[in-house]
Amino acid sequence: MSLGPSWNGTLARWLQKILQPATTEEQLLACVSCLALKGHMMSLPFYQKLHDRYDRSYHKDLRTTTSQYQQEKKRSAIYTHGSTAYSSRSSAAHRQESQAFSRASTAASYLQQGSQAYSLGATEYSLGSEVSRKAASAYDYGYSHGLTDSSLLLEDYSSKLSSKAKRAKKSLLSAEEKENVPSDYMVPIFSGRQAHISGITDTEEERIKEAAAYIAQRNLLASEEGITTSKQSTASRQATASKQAIASRQATASKQATASKQLTASKQSTASKQSMVSKQSTSTLQQEEAFEKKSRKVAIREKAEQLSLRKTLEETEAYHKKLNEDSLLHAPEFTIKPHSHTVWEKENVKLHCSVSGWPEPRLTWYKNQVPINVHANPGKYIIESRYGMHTLEINACDFEDTAQYRASAMNVKGELSAYASVVVKRYKGEFDETCFHAGVSTLPLSFAVTPYGYASKFDIHFDDKFDVSFGREGETMSLGCRVIITPEIKHFQPEIQWYRNGVPVSPSKWVQTHWSGERATLTFSHLNKEDEGLYTIHVRMGEYYEQYSAYVFVRDADAEIEGAPATPLDVMCLDANKDYIIISWKQPAVDGGSPILGYFIDKCEVGTDTWSQCNDIPVKFARFPVTGLIEGRSYIFRVRAVNKNGIGLPSRVSEPVAALDPAEKARLKSRPSAPWTGQIIVTEEEPTEGIVPGPPTDLTVIEATRSYVVLSWKPPGQRGHEGIMYFVEKCEAGTQNWQRVNTELPVKSPRFALFDLAEGKSYSFRVRCANSAGVGEPSEATEVTVVGDKLDIPKPPGKIIPSRNTDTSVVVTWEESKDAKELVGYYIESSVVGSGTWEPCNNNPVKGPRFTCHGLVTGQSYIFRVRAVNAAGLSDYSQDSEAIQVKAAIATPSPPYDITCLESFRDSMVLGWKQPEKTGGAEISGYYVNYREVIDGVPGKWKEANIKAVSDQAYKISNLKENMVYQFQVAAMNITGLGEFSAASTSFKCEEWTIAVPGPPHDLKYSEVRKTSLVLHWKPPVYSGRTPVTGYFVDLKEANARDDKWRGLNKAAIKNNYLRVQGLQEGVSYVFRVRAMNQAGVGKPSDLAGPVVAETRPGTREVVVNVDDDGVISLNFECDQMSPNSKFTWSKDYISTEDSPRLEVESKGNKTKMTFKDLGTDDLGIYSCDVTDTDGIASSYLIDEEELKRLLALSQEHKFPIVPVKSELQVEILEKGQVRFWMQAEKLSGNAKVSYIFNDKEIFEGPKYKMHIDRNTGIIEMFMEKLQEEDEGTYTFQLQDGKATGHSTLVLIGDVYKKLQKEAEFQRQEWIRKQGPHFAEYLSWEVTSDCNVLLKCKVANIKKETHIVWYKDEREISVDEKHDFKDGICTLLITEFSKKDAGIYEVILKDDRGKDKSRLKLVDEAFKELMTEVCKRIALSATDLKIQSTAEGIRLYSIVPYYLDDLKVNWSHNGTAIRYSDRVKSGVTGEQIWLQINEPTPNDKGKYVMELFDGKTGHQKTVDLSGQAYEDAYAEFQRLKQAAIAEKNRARVVGGLPDVVTIQEGKALNLTCNVWGDPPPEVSWMKNEKPLASNDHCNLKFEAGKTAFFTITGVGTADSGKYALVVKNKYGTETSDFTVSVFIPEDEARVLQPQTGNKKSK
């Protein structure tokens, strides 16, 4: 047990106020006890006063402990000696004060150990004796040193009572420590870290046992030997300290003997008494050691009882957690409590704690029971609450920060406090105090005590860390990192805890944690959107900890139905009882492309796999009471979203929920009688004879939506001992017709959900109670309730502002929705600029107005939008944010450079420098300067020149030493922080400048960089010389040029501090310098500006002048590359115009406007606009005298406007011959009027004139049917539109009018013609791709009976096919067009409505033009030249569709026209145009060109007859030539032999044939494929090498057969076959007729 929360922190202060001389110890102790009780009662917050009865036992224990102390006080001899020693003081008042303080100190020590003494008995008494002994020795120390601060005497005692061992603890009684302890060092009394809250038990006895068990566990952690050694060591140190104190006082007394004998006697008396105290202390230590060993057995037994009690409590708690899984509201609970710290002065200290509870607890930090106000001490305290981790940081601790700190967490379920102590020590020793800077120590002064008893400082480092991760629903994912802890201590493992959005992650079926000894892992077995969030790994080792965080994004799984919505998330139970369970969920971010119509809720009883749908109609509200449950059963739930495309996938199932009243759960036994099965068996008491229950009370409507209404009430006070049930009744507003809602099933719980109510109607409700005795009276009716959603959909967020973060992420902030109730969070979406496609950035709603969107493409531009969500639904989308390019955020600036001395005095110097090349993406906010002395070339230590940052690029350093050499360094700062210091400058000597010419100008800058110009700015020199500066010279050179290439830009000195440099070359890099001049001459040049490249960057905009309708003149500028911190700054002649009375500036978004109030000659100059926090974006506009005149004239026009005319008055003829006069104004309002004037007289609308005004287009028209002689004259349209006027005039006189009148008559005749069939397009020709000529015309207004007839030279042309006029085109195709087709073609179109004709002359020039086009098309259609070998030579040819004589063909060889001969010939054969080269020679190699001339243009085709092409062609020619020779000279039968010879038997057969061959062939005969030799019967002859004879003198049947004549020479062989058929006259009498022979050749 511990003292009340307000007692420990203020005890020391109270004791100082109340310590007055007391007559007895009993009075003092009674006073202290009353103060303790009163302080406790006064410190109770309102929500703890109900638990006051539990705390009374604590005060009872306190009084009991005090009484025991009074009985045992005589056992503490040291206390008596201490009092005696104290009484030796000469001053009576001082003696009374010391006695009172001694009593109060002893009483306080026993009060702080009250509960421990109650539970541990004699052991704690011995501890009290030991502390009293220390206190007595401390009194002696105080007397010898004159100390009166009582808290010093309590330091070691309070530390001994702390629940946690202090670090770097030293004995108070050590002589060495006495020298180092400061005289004003105070340590208030407190007991370390404590937690004050009522336990889970209700009786006083259980609470006492619980406290005793805790104390026994804490005090018995060490082994027996360890305790004995510790106690002996303590006793030894105390005895030694006592002896040293006596020796010290004796030495002091000896030194003072010569001064005062009386004082010497007094010191000796004191030393004698202290010696007696030392002996008594040694005796008491031995008694305490023996008594401690004896009491350890009791402590061990109590520890065993405590462990048993803890096990019982843990089992009971686990069972209740399982039983109440559906419970949402619970009191605060510290998952991580703050730890006590001992730190040195000027160090920082952080107290951390983590608390859980619902609703989310509100945490308040207290110092000595006083709330900490961070605004009262700016910078002293920093309180943060991030993702459930609460932190109190105390900066630069001093002695006043030594106190007890309390973290108080409170919500509607209760309050919980956790305590931690901070002790700030002041170190005095051999260390330099400069080693300690605000919170940073160069020595390891903070230590953590390991279980092995020695101090260690741990360095925790994360390696191989997990990064921002992306997953998809249903996938697995693992987060992990390697944890490196130095030094490494075996068997001392760190505490590792994972958090999601600041809430500890507990292992479950969805997520598992693992620690391998060096790597921590968090594994998701099945990702869900509920797993999305910021994950933090928190590693603690002793008193040291580190943490690392990264975000995990979970995308939606692919929908089974295309276009179906995504899954809802965070399905949980809000309320549960016997009759219904209210389920809530969060709407998904993705609706599938169409709005979500509602949600279906499914339930499943635990232990089964059967899901059933709970609602038939989708509900839109994200809460729903599920009814029809079985009492005592447990259920799980899931939700599905639906839109017009279908039903989406189900959500993750909820945790099991039991259908029980909370009161029923509380009445259940602490242990289940059977293993947990998900079903709870409810038993009720046996009913006794009861009474009719009274009416319920406090009936209210706690929730109302369009789907249901939830009622809640309190049970009646009069209900007997048996259970009661309820009947709910409803009544429409304005009637007294009460209807019972639950007629079939009574309600068992004091809450009920009503369905099937008419939306929009008003109802009242009441409830009756019932039991076995009957139905009671109804409750009071509720107020009228309108059925509908009481919770409104939140309004859309506002001011969406993206800002850069990393190369793949953007931080989006917004203004939270106004007046939003029960806000769940926000969904953020992103879109690539111009894509029109939006993607969700988060799938789990985030709270707060800030979110980091990851996974973006580097360099891509995005826009963002946000919408809020609560149970009623999702808000409308916010407005789209400004586009932002994804790239890394700002950083600290780079060092400045080119430090130079601008002026020097006897004791000060003025420095100048250049702005850093890299500003870190943010505007430079200031500079810091350091300097150091340089003596004999050796630099000294750096010193700060300025405490406050300077905004200029120049600074005067004062208090320097004359003639001393100095070096300087400069660092720049932006909103990110201070950048690195520059390198040391060159050495400058501090001396008075006396030169006559001015110093160098400084702070050179350039702006408005374009491809041919830029503007250079500078500041005047700090040192102007002996006379004022009269002007400046500006020099320029290319960046890489030598120093002798400098050239001046101005011949005469300019007085301005700026110059527009013209005539630059695009892409060239330049540097600039400026020199100042006075009457004495030109000073030295400034530092260089640049290099800068002359170029106009993409997206560069210019200042635009504008004159509005009221004549107001303004300059406008727009920038689309602004950062969130960018601003527009206007200047005239590069001097700020912020306070100018003649100008007015208005900026909004990325646009700015500067308006002239009264533009005049005073406003002449250059006006420039710069955009801060950008890469030099600027533009300017020159208003000179000429521009001033133009703008004033334009302003005058706008003040006194005229109607702007887009088109002046014109006249045109319409198709019927009508005349249309018209003009067009730029724009016309609805009040515009027009007057029509003819020959100075106004005309009005009537039969002759028709007027019309189209104010949308500004067109003004007047129509006349026809023009007559009297209509010649002047026409004017006069306009009046508000105050603007205008007119336009058209003169129609003389030839102009006659021409117009003739055109009108022609158009009228044309209109008449077009009433019948007519030609929309007259006859024309075109050449087709086949080089044919197509005559065509387009006809209109035709019908089925319309005929078309073609003529050539007045002779009708017969057309093969009939025209169907489907496409309105009539054609006549002329193939292979030639000169014979020249003539006049005519086509006539006619029917009963009339006729029309069209003629086309294709003669003379028209024919030539057509023939040229035909030849051109033939030439273009010609194929490429090809090479063909023949027996005579090589032929080059091209194929054309057909050939005309008008197409001229020319051949050339190697650029020279070919001269034709018998060997080289050109010709046309059919469609082939060829060049024949007979008997080719090597001279014929080369490039051949065929030119086809169509009459206007030549078209060439080429071929290269050389190289391999020639060789192949020539070889083929030789082969064909030989083949031709062989064919010509081979042996062949010329003729004479028949195919079949039929002859009568006995007749003579004579056959003769001619053969040819060179050389003459050889002749042989065959019969039936066998050689046939000449004999007397068959005579075979061959004469003169040309004629062969075949003779049979008398044929017989044996001569029938197949005969062949074979001729052969060296070129070939040929065979001629014939058949001989012999017949007998009796068998056949027909005359044979010979047929042509068949020849075969080989």
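What counts as what
- Residues numbered from 1 in each chain as written.
- Predicted model: local features only at pLDDT ≥ 70, side-chain atom pairs only at ≥ 80, totals over all residues.
- Heavy atoms only, no water.
- Helix = DSSP H or I, 4+ residues; strand = E, 2+ residues; numbered from the N terminus.
- Buried < 20%, exposed > 50% of the residue type's maximum accessible area, 1.4 Å probe, protein only.
- Contact = heavy atoms within 4.5 Å.
- Areas by Shrake-Rupley, 256 points an atom, 1.4 Å probe, with all protein chains shown as cover.
- Phe/Tyr/Trp six-rings, centres within 6.5 Å; stacked < 30°, edge-to-face > 60°.
- Lys NZ or Arg CZ within 6 Å of the ring centre and 35° of its normal.
- Core = buried A, V, L, I, M, F, W, Y, C linked by side-chain atoms within 4.5 Å.
- Pairing = 2+ DSSP bridges.
- Axes fitted to C-alpha atoms, helices over the stretch in contact; angles between N-to-C directions.
- Expected span 1.5 Å × (residues − 1).
- Salt bridge = Lys/Arg side-chain N within 4 Å of Asp/Glu carboxyl O.
- pLDDT = per-residue confidence, 0-100.
- Polar contact = N/O pair within 3.5 Å; in protein donor to acceptor, adjacent residues only side chain to side chain.

Observations concerning the overall build of the chain
Next, step 1: Looking only at helices and strands, the chain has 17 helices and 105 strands in total.
Next, step 2: Here the chain holds 1642 residues, and the buried ones make up 45% of them.
Next, step 3: Of the contacts formed within the chain by residues at least 6 apart in sequence, a portion of 66% connects residues at least 24 apart.
Next, step 4: When the accessible surface of the chain is summed, it comes to about 86,400 Å², and 49% of that surface belongs to carbon and sulfur atoms.

Thoughts on the packing of aromatic side chains
Next, step 1: According to the stated counting rule, one finds 34 aromatic pairs in the structure shown.
Next, step 2: Ring centres of Phe1238 and Tyr1275 lie 4.6 Å apart, and the angle between their planes is 35°; on these two criteria the pair is classed as tilted. Placement of Phe1238 in strand S75 (residues 1233–1238) and of Tyr1275 in strand S79 (residues 1273–1281) is noted, with a sequence separation of 37 residues between them. There is no split in this pair, since Phe1238 and Tyr1275 are both buried.
Next, step 3: Here the aromatic rings of Tyr1514 and Phe1517 are separated by 5.8 Å at their centres, their planes lie at 55°, and the arrangement is tilted. A residue pair is termed a helical-turn pair when its members lie 3 or 4 positions apart in one helix, as Tyr1514 and Phe1517 do in helix H17 (residues 1507–1529) at three residues.
Next, step 4: Taking the ring centre of Tyr877 as reference, the NZ or CZ of Arg865 above it sits at 3.5 Å.

Side note on the environment of Ala1419
Next, step 1: Its location among the elements puts Ala1419 in helix H16 (residues 1404–1421).
Next, step 2: With relative accessibility at 2%, the residue Ala1419 sits in the buried group.
Next, step 3: A C-alpha to C-alpha distance of 7.3 Å links Ala1419 and Asp1494, two positions 75 residues apart in sequence.
Next, step 4: With residues near it in sequence (within four places) discarded, Ala1419 still touches Leu1447, Leu1492, His1499 and Lys1501.

Examining the nonpolar core
Next, step 1: In this structure, Leu1335, Phe1377, Val1414 and Trp1451 are the most contacted members of the largest nonpolar core, which totals 48 residues.
Next, step 2: Among the elements that take part in this core, H16 stands out by supplying seven residues, more than any other.
Next, step 3: What Val1414 contacts, discounting residues up to four positions off in sequence, is Val1327, Cys1331, Val1333, Phe1377, Tyr1442 and Leu1444.

Considerations on the sheet that holds strand S8 (residues 389–394)
Next, step 1: Sheet architecture is open: four strands sit in the order S2-S4-S8-S7, paired in antiparallel fashion. Looking at the sheet topology across the chains shown, the edges are occupied by strand S2 (330–336) and strand S7 (381–386). Between one strand and the next, the sheet's axes are offset by a mean angle of 25°, whatever the strand orientation.
Next, step 2: Pairing between S7 and S8: six bridges, direction antiparallel. When the sheet's bridge partners are listed, Ile382 is paired in S8 with Glu393.

Some points on the sheet that holds strand S88 (residues 1426–1429)
Next, step 1: Ordered by their spatial adjacency, four strands build an open sheet running S88-S89-S93-S92, and the pairing between neighbours is antiparallel. Two strands bound the open sheet, and with one partner strand each, they are S88 and strand S92 (1464–1469). Looking at each pair of strands side by side, their axes are set apart by 25° on average, direction ignored.
Next, step 2: Here H17 sits on the sheet in contact with S88 and strand S89 (1433–1439), set at roughly 30° to S88.

Focus on helix H14 (residues 1185–1199)
Next, step 1: With 15 residues, H14 should reach 21 Å at 1.5 Å per residue; the first-to-last C-alpha distance of 21 Å fits that figure.
Next, step 2: Its buried side turned inward, H14 meets strand S65 (1104–1107), strand S66 (1113–1118) and strand S72 (1178–1183).

A few points about the pattern of salt bridges
Next, step 1: Inspection of the entire model under this criterion finds 54 salt bridges.
Next, step 2: Residue Asp602 is joined to Arg638 by a salt bridge in which the shortest nitrogen-to-oxygen separation is 3.1 Å. Linking Asp602 in strand S26 (residues 598–605) with Arg638 in strand S29 (residues 634–643), this pair joins segments that are 36 residues apart in sequence.
Next, step 3: The class for Asp602 is buried, based on a relative accessible area of 2%.
Next, step 4: Note that Lys1485 is salt-bridged to Glu1511, the shortest N-O span being 3.6 Å. Of the two residues, Lys1485 sits in the loop between strand S93 (1472–1478) and strand S94 (1486–1493) while Glu1511 sits in helix H17, which places them 26 residues apart along the sequence.

Some points on the pairing of strand S4 (residues 349–358)
Next, step 1: Taking burial as the measure, the 10 residues of S4 include seven buried ones, the bulk of the element.
Next, step 2: Relative to S4, S2 is paired through four bridges, and the arrangement is antiparallel. Each residue of the ladder has a partner; that of Phe334, found in S4, is Val355.
Next, step 3: Pairing of S4 with S8, which is carried by six bridges, proceeds in the antiparallel orientation. Opposite Ser354, over in S8, you have Met389 as the bridge partner.

Let's talk about unusual backbone geometry
When glycine is set aside, most residues are seen to have a negative phi, and most peptide bonds are trans.
Next, step 1: For the bond running from Gly1090 to Pro1091, omega is 5°, close enough to zero to count as cis.
Next, step 2: Relative to the elements of secondary structure, Pro1091 occurs in strand S64 (residues 1089–1093).
Next, step 3: For the bond running from Asp1558 to Pro1559, omega is 5°, close enough to zero to count as cis.
Next, step 4: Structurally, Pro1559 can be placed in the loop between strand S98 (1549–1556) and strand S99 (1562–1567).
Next, step 5: Even without a glycine there, the phi angle at Asp1133 is positive, about 50°.
Next, step 6: Position of Asp1133 among the secondary structure elements: in the loop between strand S67 (1128–1132) and strand S68 (1135–1136).
Next, step 7: Residue Asp1133 is classed as partly exposed on the basis of its relative accessible area, which comes to 25%.

Examining H17
Next, step 1: For H17, built from 23 residues, the straight-helix expectation of 33 Å at 1.5 Å per residue is met to within 8% by its first-to-last C-alpha distance of 33 Å.
Next, step 2: Those residues of H17 lying buried are Tyr1510, Ala1513, Phe1517 and Asn1529.
Next, step 3: On its buried face, H17 sits against S88, S89, strand S95 (1498–1505), S98 and strand S103 (1601–1609).

Quick notes on the side chain of Glu1386
Next, step 1: As for its position among the elements, Glu1386 is in strand S86 (residues 1383–1391).
Next, step 2: With sequence-adjacent residues up to four places away left out, Glu1386 is seen in contact with Val1349, Trp1350, Tyr1351, Lys1397, Ser1398 and Arg1399.

A few points about the environment of Gly598
Next, step 1: Secondary-structure assignment places Gly598 in strand S26.
Next, step 2: Along the primary structure Gly598 and Ala622 are separated by 24 residues, whereas in three dimensions their C-alpha atoms are 8.9 Å apart.
Next, step 3: Filtering out sequence-adjacent residues up to four positions away, Gly598 remains in contact with Pro618, Val619, Lys620, Arg640, Ala641 and Val642.

A word on the pairing of S29
Next, step 1: In terms of burial, S29 is a largely internal element, nine of the 10 residues being buried.
Next, step 2: Direction of pairing for S26 relative to S29: antiparallel, over a ladder of eight bridges. When the bridges of S29 are listed, Glu605 appears paired with Tyr635.
Next, step 3: Strand direction decides the pairing type here: S29 and strand S30 (residues 646–647), joined by two bridges, are antiparallel. Bridge pairing in S30 links Asn643 to Gly646.
Next, step 4: The hairpin turn running from S29 into S30, its antiparallel successor, is two residues long.

A closer look at the environment of Ser1180
Next, step 1: Along the chain, Ser1180 falls in strand S72.
Next, step 2: Residue Ser1180 is classed as buried on the basis of its relative accessible area, which comes to 15%.
Next, step 3: As a C-alpha pair, Ser1180 and Glu1008 span 172 residues in sequence and 7.6 Å in three-dimensional space.
Next, step 4: When near neighbours in sequence (up to four residues on either side) are disregarded, Ser1180 contacts Glu1008, Arg1060, Val1103, Tyr1134, Ile1166, Tyr1167 and Ser1168.

A word on the confidence of the model for the chain
Next, step 1: Here the chain shows a mean pLDDT of 77. Residues at 70 or above account for 76%.
Next, step 2: Ranking the elements of the chain by mean pLDDT puts helix H8 (residues 155–161) last, at 35, and S26 first, at 94.

A few points about the side chain of Ser1131
Next, step 1: Inspection of the secondary structure puts Ser1131 in strand S67.
Next, step 2: Of the polar contacts made by the side chain of Ser1131, one reaches the side chain of Ser1168; its length is 2.5 Å.
Next, step 3: Those residues within four positions of Ser1131 in sequence are excluded, and the remaining contacts are Ser1136, Thr1137, Ile1166, Tyr1167 and Ser1168.

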